[in-house]
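Residue-level structural notes
Here is what each chain is made of, one letter per residue.
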Amino acid sequence: MADKITVGHVHMSGCTGCLVSLADNYGGLLTILDKYADLVYGLTLADVRHIPKMDVALVEGSVCIQDKISVQEIKETREKAAIVVAVGGCACYGNITRFTRGGQQNQPQHESYLPVGDLIKVDVYIPGCAPCPQLIRNVCVMAYLLLKGNKDQQELAKKYLTPLMQLADRGTEACGCDLMYDVVNQGLCMGCGSCAAACPVRAITHEYGKPNVNREMCIKCGACYAQCPRAFFNFDVIPEFEGIMDAIDAALK
Amino acid sequence: MAGELGKYKLCVSARSSDKAILRKAQDGGIVTQLFKFALEEGIIDGAIVAGPGDEPWRPRPFIATTVEELMTASGTKYNISPQVSWIKEATRSYGLDKIGIVGTPCQMQAVRKGQLYPVGLRDVPDKIKLAIGIFCMENFSYQSVKQLVEDHAAMKLDAVKKMEIGKGKFWVYGQRGQVVQLPLKVTHKYEQPGCHVCLDYVANLADVSTGSVGSPDGWSTVFVRTKNGDDIWSKAIAAGCFETKPIEQVKPGLELVTKLATEKISKNQKTVEERAKFGVNKGLRNPYLGPK
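Below: a short report on this structure. (Residues numbered from 1 in each chain as written. Chains lettered and ligands numbered in written order. Predicted model: local features only at pLDDT ≥ 70, side-chain atom pairs only at ≥ 80, totals over all residues. Heavy atoms only, no water.)

Re the nonpolar core
One finds Leu135(A), Tyr160(A), Leu164(A), Ile87(B), Leu116(B) and Tyr117(B) to be the most contacted residues of the largest nonpolar core, which totals 103 residues. When residues of this core are assigned to their parent elements, the largest contribution, 9 residues, is made by helix α5 (residues 133-148) of chain A. Excluding anything up to four places from it in sequence, Leu116(B) contacts Leu135(A), Asn138(A), Tyr160(A), Val237(A), Ile238(A), Phe241(A), Ile244(A) and Met245(A). Core analysis: the second largest hydrophobic core is formed by 28 residues, Val49(B), Val208(B), Trp233(B) and Cys241(B) among them. (Core = buried A, V, L, I, M, F, W, Y, C linked by side-chain atoms within 4.5 Å. Buried < 20%, exposed > 50% of the residue type's maximum accessible area, 1.4 Å probe, protein only. Helix = DSSP H or I, 4+ residues; strand = E, 2+ residues; numbered from the N terminus. Contact = heavy atoms within 4.5 Å.)

Brief notes about the packing of aromatic side chains
Under the criterion given, the structure shown has 15 aromatic pairs over all chains. A centroid spacing of 4.4 Å and a plane angle of 10° characterise the contact between Tyr160(A) and Tyr117(B), whose relative ring orientation is stacked. Here the residue Tyr160(A) occupies a position in helix α6 (residues 151-170), and Tyr117(B) occupies one in the loop between α5 (105-116) and β5 (128-134), the pair thus bridging two chains. Accessibility expressed as a relative area gives 0% for Tyr117(B), which makes it buried. Each ring, one from Trp86(B) and one from Tyr94(B), has its centre 6.1 Å from the other, and the planes form 80°; the classification is edge-to-face. Judged by relative accessible area, Trp86(B) falls into the partly exposed class, the value being 27%. For Arg58(B), the ring lying beneath its charged end belongs to Tyr208(A), and the centroid distance is 4.0 Å. Here the basic side chain of Lys245(B) rests over the ring of Trp219(B), its NZ or CZ set 4.3 Å away from the ring centre. (Phe/Tyr/Trp six-rings, centres within 6.5 Å; stacked < 30°, edge-to-face > 60°. Lys NZ or Arg CZ within 6 Å of the ring centre and 35° of its normal.)

Points about the packing of α5(A) against α6(A)
Residues and elements named next belong to chain A. Contact pair α5 / α6: the axes reach a minimum separation of 8 Å and the direction vectors enclose 135°. On the basis of their axis angle, the class for α5 and α6 is oblique. Relative to α6, the crossing made by α5 is left-handed. The residues of α6 that touch α5, namely those facing Leu 135, Asn 138, Val 139, Met 142, Leu 145, Leu 146 and Leu 147, are Gln 153, Gln 154, Leu 156, Ala 157, Lys 158, Tyr 160, Leu 161 and Leu 164. (Axes fitted to C-alpha atoms, helices over the stretch in contact; angles between N-to-C directions. Parallel < 35°, antiparallel > 145°, perpendicular 65-115°, else oblique. Left-handed = near helix turned anticlockwise from the far one by under 90°.)

Things to note about the interface of chain A and chain B
Frequently, the measure chosen for interface size is the accessible area that the parts lose on association. The interface is formed by 62 residues belonging to chain A together with 52 residues belonging to chain B. With both sides pooled, the region where chain A packs onto chain B buries about 4800 Å², and carbon together with sulfur makes up 56% of that total. It is Tyr208(A), Gln227(A) and Phe241(A) in chain A that bury the most area against chain B; as a group they hold 15% of the surface buried on that side. Our enumeration of links across chain A and chain B arrives at 4 salt bridges. The partner of Arg202(A) in a salt bridge is Glu89(B), with the nearest N and O atoms 2.7 Å apart. For the pair chain A and chain B, the number of links is 36 residue pairs in polar contact (both at pLDDT 80 or more). The element best represented in the side of chain A that touches chain B is α6(A), accounting for 8 residues. In terms of residue class, the side of chain A that touches chain B is built from 36 nonpolar, 14 polar and 12 charged. (Buried area = accessible area lost by both parts, 1.4 Å probe. Salt bridge = Lys/Arg side-chain N within 4 Å of Asp/Glu carboxyl O. Polar contact = N/O pair within 3.5 Å; in protein donor to acceptor, adjacent residues only side chain to side chain. Nonpolar A, V, L, I, M, F, W, Y, C, P; charged D, E, K, R; others polar.)

Quick notes on the layout of surface pockets
Over the atoms a probe the size of a water molecule is rolled, and this reveals where empty space is left. Quantified by volume, the second largest pocket comes out at close to 780 Å³. Residue lining of the second largest pocket: 42 residues in total, with Ala196(A), Ala197(A), Ile204(A), Ser85(B) and Glu89(B) positioned closest to the centre. Breaking the lining of the second largest pocket down by element, the ones donating at least two residues are α1 (17-23), α8 (194-198) and β8 (204-207) of chain A together with β3 (59-64) and α4 (87-92) of chain B. Sorting elements by how many residues they give to the lining of the second largest pocket places β8(A) first, with 4 residues. Grouping the constituent residues of the lining of the second largest pocket by class yields 22 nonpolar, 10 polar and 10 charged. (1 Å grid on protein atoms, 1.4 Å probe; cavity = no way out; pocket = protein on both sides within 12 Å on 5 of 7 lines; lining within 4 Å. Points joined across faces, edges and corners; volume = space filled by probe spheres on them.)

Quick look at helix α8 (residues 227-238) of chain B
All names here are of chain B. Along its 12 residues, α8 runs 17 Å from first to last C-alpha, staying within 8% of the 16 Å computed at 1.5 Å per residue. Within α8, burial applies to Gly 229, Ile 232, Trp 233 and Ala 236. Within α8, the buried residues cover an arc of 100° as seen down the axis, which keeps them to one side. For α8, the exposed residues set more than 90 degrees away from the buried face come down to Lys 227 and Ala 238. Next to the buried residues of α8 lie β1 (10-16), α2 (30-40), β5, β9 (208-211), β10 (220-224) and β11 (242-246). Positive phi appears at Gly 240, one or two residues downstream of α8, with a value of about 80°. (Expected span 1.5 Å × (residues − 1). Arc of directions from axis to C-beta.)

Structure, rendered in structure tokens:
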């Protein structure tokens, strides 16, 4: 199809779990590649050596600043891609790579890992470890609508992506502490439990209606805060859940 | 239809036709009855409900997969049960493909956000098959309820049979038949602060939402909102699960629901605006403007 968008998967220092999450859309991924997007770059999936020009770059992993090629490739990604999406906790916030201090074989000097947003401007965040397949899918569909859709579809895509763009603007640090600083301390928590459900390492429990974060267990993926309805709740999108979910389902049929 | 009462396809006054459910119900037993029907018909494999916790009147979310388990959760507990915290666990540890969940308006907002923006809710979005919302003016922490019942109403929590907010009062019914009423003026200061920015009274984002307001004693007002909710509700009606009356024919009816919804939303909208200028040229966060 002529008006497909071009998408690339750029692999920085990550475990490939984000790519697996993308693949976990199974048939949905095939439909996306069939109808809406051409995969123009991807270490494991496309036989292309150098980062080409593309509409959307899905970046997985943080950047090791002692690895010249990584640094060069992430800068090149920014030059070549119209939209840069940080996929997963490492690209957004560093995630578990925040804990590395080098010393590992066979590159013990690789000790400093930065979230992508510390080196280039990132447009959209998909936090979480691993990021959820359905959120990656939704962002892919919305990116397509933004670039190739009609006016209404572009409007919807813009509204949908706005909070994920605001998350990218918000910064490159995340921790379970965000629930305290930006929700409980701000008088906004109502104890729904979203944060605990979102946490991939079960670091969050609820004690007497409020989240209790085990900070030793937190891997800094950013899922809890992004999932919290008192972190963001956009009344121009979420109340339309029925129509939007039907539209995404229909697009992937 | 939209506005304070949200979009809905149908609004009726209803009660369960099952005597056993009504005996334990807060009002019309709508939530218990609808989940019972959905469980028996295989529309859901299990429901996240607020069951008994470690202390008297302290709810704890749990996953009911049988009618017996479901029955232990009936009735309103006026404090926080983090319902959504089990939503991924229900699909994982319990392996459920079709989940029911009951919750307050904010919890319905959390569920819908989780379906559209499933940041940490892998494979959950397609598995929510029945979300029942309950009307909510505000909620309390467990400690607040304890203080209200034990200090203000001078009753022991484990001697309480039922609590209720209605007719402008907080009612505490004892096991031995005694009744204490507290004016809402007393309860206000114990409200959960996070409730004061909530802009939803009748769970606008649920499949079906219900609450006592608007209907006579022993009955509940029911809004059927989504296509999915409508489908399940009509099947339940066809199966004879509920007695219903047109909402236009009951007192006090929709007028009171609209009045309370408007009061809550305009008061809290004002709070949201005041938060923006809370300090000196500095404000508090507004979640409706974004995550920053």
